[in-house]
Amino acid sequence: MYSDAEDNGQITYDAALKRAARLCARSEQCGAAIRRRLAEWGVTDDISAQVMEYLYKNSYIDDSRYIRSFVNDKFRFGKWGRQKIRHSLKENGLTGQDVETALNAIDEAEYMAALKKAVSEKASKRGGAESYADRAAVYNFCMMRGYEPELINRAIDEYRKKNRASECDKKK
């Protein structure tokens, strides 16, 4: 239990607020994550509601800001596709227009470049994407990263065309 607990073992409002605010100051958090933490800490529902109200009112928590940050980080650093990002946000109870706006803010050229790079890297490791098994492996790899099926197929087709063209150039 936390050192600022009352005699009955429950964490006080001030202690819960201090811990939650420190967590929010350290990294961007969504409301659902903080609610889970408060419950893990044994904070009562009444105190939890008061803490959440304070955190939202004083901008420690801003779900829209969290969504934008999450989308940016997962795409730029994790190389996740839109579907995987959307699913992960949905698991945290974050859906709606803010999610769609943040996903649509991903630059389409950068998105396709990341997908093409994933296709190229996976296909190169498999020695190409000509056989059905190789194409399936590349496709499944990109699906696991959360890219859309039609975009994956297009990127695989472009990779195969590019490879065929480079093979023809080598033969000349």
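Below is a summary of the structure that appears in this document. (Residues numbered from 1 in each chain as written. Predicted model: local features only at pLDDT ≥ 70, side-chain atom pairs only at ≥ 80, totals over all residues. Heavy atoms only, no water.)

**Topic: the packing of aromatic side chains**
Here comes step 1: Under the definition given, this model contains five aromatic pairs.
Here comes step 2: Taking 6.3 Å as the distance between ring centres and 75° as the angle between the ring planes, the aromatic pair formed by Phe-70 and Trp-80 counts as edge-to-face. Of the two residues, Phe-70 sits in helix H4 (residues 63–76) while Trp-80 sits in the loop between H4 and helix H5 (82–91), which places them 10 residues apart along the sequence. Of the two residues, Phe-70 and Trp-80, both sit in the buried class.
Here comes step 3: Taken together, a centroid distance of 5.2 Å and an interplanar angle of 55° make the contact between Tyr-111 and Tyr-147 tilted. Of the two residues, Tyr-111 sits in helix H7 (residues 108–126) while Tyr-147 sits in the loop between helix H8 (132–144) and helix H9 (149–171), which places them 36 residues apart along the sequence.
Here comes step 4: Given a relative accessible area of 0%, Tyr-111 falls into the buried group. (Phe/Tyr/Trp six-rings, centres within 6.5 Å; stacked < 30°, edge-to-face > 60°. Helix = DSSP H or I, 4+ residues; strand = E, 2+ residues; numbered from the N terminus. Buried < 20%, exposed > 50% of the residue type's maximum accessible area, 1.4 Å probe, protein only.)

**Section: the pattern of salt bridges**
Here comes step 1: If you walk through the whole model with that rule in mind, you get 10 salt bridges.
Here comes step 2: Arg-82 is the salt-bridge partner of Glu-108, the closest N and O atoms lying 2.9 Å from each other. In this pair, Glu-108 is assigned in helix H7 and Arg-82 in helix H5, connecting sequence segments 26 residues apart.
Here comes step 3: Under the relative-accessibility criterion, Arg-82 is labelled buried at 9%.
Here comes step 4: The partner of Arg-160 in a salt bridge is Glu-130, and the shortest N-O contact between them spans 3.3 Å. (Salt bridge = Lys/Arg side-chain N within 4 Å of Asp/Glu carboxyl O.)

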